[in-house]
Structures are given as structure tokens and as C-alpha cells.
Amino acid sequence: MNVWTHVLHLVSSGAVAYITARNIRDPLTRPNTLAGFQLAESGSVPFLEALRDRAAKEGDEWLAEKLDRHAADERRHGQIFAHALKQLNKQAIDIQSMRKNKSEKDGKKSDRRSPFFAAFFEGYESAQLKPEAIDWIVFMGSTYILERDASRDFASMANALPEDEAHSANLKKGMLAIANDEIGHAAYLYEALQRRLSPPEVDRVVDRWRERKVNAMLAMVGSFMQGKPQASLVRDGAPTDMEETEETASELTAA
Ligand SMILES: [Fe+2]
Ligand SMILES: [Fe+2]
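Computed from a prediction, not measured in an experiment: that's the story for all the values here.

1. Here's the deal with the overall build of the protein chain
Within the protein chain one finds nine helices and two strands. When its helices and strands are written in sequence order, the protein chain yields α-α-α-α-β-α-α-α-α-α-β. For the protein chain, buried positions account for 33% of its 255 residues. Within the protein chain, residue pairs in contact and separated by at least 24 positions form 80% of the contacts whose partners lie at least 6 positions apart.

Written out as C-alpha cells, the structure reads:
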């Protein structure tokens, strides 16, 4: 990683930590923030399960077992956020039907890639990122960076929550547990890279995805500064069907 990437990484991480900490503390923005996390965490489950099945088919039992545990953790993370929303008498939108409505209305397939993911996976076609096709090193390197940063971001958000009120105190406990799980995910992904690559190759892969993450953060901040509207991800009322959110697209995968 060059110095410039390193500096940008620190600046963008600090900015995101600041914004997300503020968004989770503020009662007005908390529901949307929680819904975003719920959709991202639950949305990664089908992707990870498909990868688990592929690893098993390819004879990598070690990786299949790690991915199975990873998928179960992300499902639980989604449920923690869903529960926090429910306590506020809110629930996440059904993102699948929202996309379907939008593409029917527009008469075309909606562009599902966020500015972040478009920049993070620049040069990769959607088909190359599907669980049945994705290069294992691409999956491991990219997810390692996302998981590592997610653990730090969730921990700093948790620490921004006050403890003198029940909802915040519960959420804080849940988010610290999630941050801990994300450390475990980053650790097995790093080990997975080490099992397949030499140490200098591992360094190169990690550097490459760190640089892509920095560029993706800048792209996200750029679209934010241009005032692109942010969709509301919550609606009022308690959930009727939790499973629906698990069908959300894998590209929402944050961690
Ligand atoms: Fe997670
Ligand atoms: Fe994770």
C-alpha cells in the first residue's frame, strides 16, 4: 500500500466512522441506518451459502465449514438489527419487490450497483461476481478488507451509543458482539488467502483491495456530495415475514 492510499484510508475511515456514529445516535436517522445494516447483513447469507456449497463440491472442506459458520453469523447479525428496528416499531423495506416495481415502472432493469460497489469491483462484470463464478482470491481479498473494516466500524458505532437508555444499551451490546464476529470472519479469510498464496502474494492481494476500498469510499462520498437522494429503507410496523429480507441481493453485502 502506498502512503497516499494509507492516508486516504485513514481519512475516509474516520469520516465514515463519524457519519455512521452520528446516524446511529440520532433517533431520526437510527431506523434507516439499522435497516441498511439489516439488509446488508441478511443479504449476504444466500451468497455465502452458495459459496459454501461450491467449496464443498470442489473438495475444500475447510473453506466450506468456515463459510457455513460465516453465513450463520451474518443471518444472526441481520436478526439483531431487525430486532432493534422492531423495538422502534419499524421494519426494513422488502428490497426485492421495491426493485421489481422500479424496473417495471422504468421499463428497464434498474441499475443495482451502488457507487461504492461499482468502484470497488470496477472492471468486473456482474456475472464474474456471482458465487458460482467468482474467483476465490477475488472473493477472499475483497471480503477480507470489508470484514476487517466492518469490525472496526461496528465497534466505533457501538461505543458512540449511550448506555443510559434501554434501546441504545441493547443495541450497543449487539453491535459489539457483531464487531467481534467480523474480526473472526476477517481472520479466516486471511488464513484462506495464506493457504492458497505465498506471503508476498497475500500482501499484494490485500493492498490491491485496500486501494479499491479507498477509491470506493471516495466514489460514495462523491455521490453523497452531489446530493444524490438516499432511499428510505424503513417502513412503520412490525415485520410479518423475516425471511423475505434474506432474499436480498448479495451485492448489498457489507460484511
Ligand atoms: Fe456481519
Ligand atoms: Fe461478517
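What follows continues from the structure just given.
2. Some remarks on helix α9 (residues 199–225)
With 27 residues, α9 should cover 39 Å at 1.5 Å per step; its first-to-last C-alpha distance of 39 Å lies within 8% of that length. For α9, the complete set of buried residues consists of Val 202, Val 205, Trp 209, Arg 210, Lys 213, Val 214, Ala 216, Met 217 and Met 220. Of the surrounding elements, those touching the buried residues of α9 are α1 (3–25), α6 (115–120), α7 (136–160) and α8 (166–196).

3. Considerations on the nonpolar core
If you look at the biggest cluster of nonpolar residues, it comprises 41 residues, and the most contacted ones within it are Phe 81, Leu 85, Tyr 144, Phe 154, Met 175 and Leu 193. For this core, the elements supplying multiple residues, two or more each, are α2 (30–43), α3 (45–57), α4 (61–87), α7, α8 and α9. Residue contacts for Phe 154: discarding those within four places in its chain leaves Met 175, Ile 178, Ala 179 and Glu 182. Counting residues in each nonpolar core, the second largest holds six residues, with Phe 120, Val 214, Ala 216 and Met 220 among its members.

4. Focus on the environment of Ala 192
Counting through the fold element by element, Ala 192 comes out in helix α8. Sequence-wise, Ala 192 and Trp 62 are 130 residues apart; in three dimensions their C-alpha atoms are separated by 9.0 Å. Those residues within four positions of Ala 192 in sequence are excluded, and the remaining contacts are Leu 63 and Met 140.

5. A few points about unusual backbone geometry
Although it is not a glycine, Asn 89 sits at a positive phi angle of roughly 60 degrees. Note on placement: Asn 89 falls in the loop between α4 and β1 (90–92). A residue is classified by how many C-beta atoms lie within 10 Å of it, and Asn 89, with 10 of them, is exposed.

6. Side note on the packing of α7 against α8
One can describe the packing of α7 onto α8 by two numbers: an axis separation of 8 Å at closest approach and a directional angle of 155 degrees. With respect to each other, α7 and α8 are oriented roughly antiparallel. The interaxial crossing formed by α7 with α8 has left-handed handedness. Here the residues of the contact of α7 with α8 are counted per class, giving 19 nonpolar, four polar and five charged.

7. Some remarks on the environment of Asp 207
Relative to the helices and strands, Asp 207 resides in helix α9. Given 16 C-beta atoms within 10 Å, Asp 207 falls into the partly exposed group.

8. Some remarks on the packing of α1 against α9
α9 packs onto α1 with a crossing angle of 50 degrees between their chain directions and a minimal axis gap of 9 Å. Regarding the angle of α1 to α9, the classification is oblique. Handedness of the crossing formed by α1 with α9: left-handed. Here α1 contributes Thr 5, Leu 8, His 9, Ser 12 and Val 16 to the contact with α9, which in turn contributes Arg 210, Glu 211, Val 214, Met 217 and Leu 218.

9. With respect to the confidence of the model for the protein chain
Interpreting fine coordinate detail is not advised for predicted regions of low pLDDT. Per-residue pLDDT for the protein chain averages 85, and the proportion of residues at 70 or more is 84%. Between residues 240–254, whose pLDDT stays under 50, and residues either more than four places distant or in other chains, the model counts 36 contacts.

Parameters and conventions
- Residues numbered from 1 in each chain as written.
- Chains lettered and ligands numbered in written order.
- Predicted model: local features only at pLDDT ≥ 70, side-chain atom pairs only at ≥ 80, totals over all residues.
- Helix = DSSP H or I, 4+ residues; strand = E, 2+ residues; numbered from the N terminus.
- Buried ≥ 20, exposed ≤ 12 C-beta atoms within 10 Å, placed from the backbone.
- Contact = placed C-beta atoms within 7 Å.
- Expected span 1.5 Å × (residues − 1).
- Core = buried A, V, L, I, M, F, W, Y, C linked by C-beta atoms within 7 Å.
- Axes fitted to C-alpha atoms, helices over the stretch in contact; angles between N-to-C directions.
- Parallel < 35°, antiparallel > 145°, perpendicular 65-115°, else oblique.
- Left-handed = near helix turned anticlockwise from the far one by under 90°.
- Nonpolar A, V, L, I, M, F, W, Y, C, P; charged D, E, K, R; others polar.
- pLDDT = per-residue confidence, 0-100.

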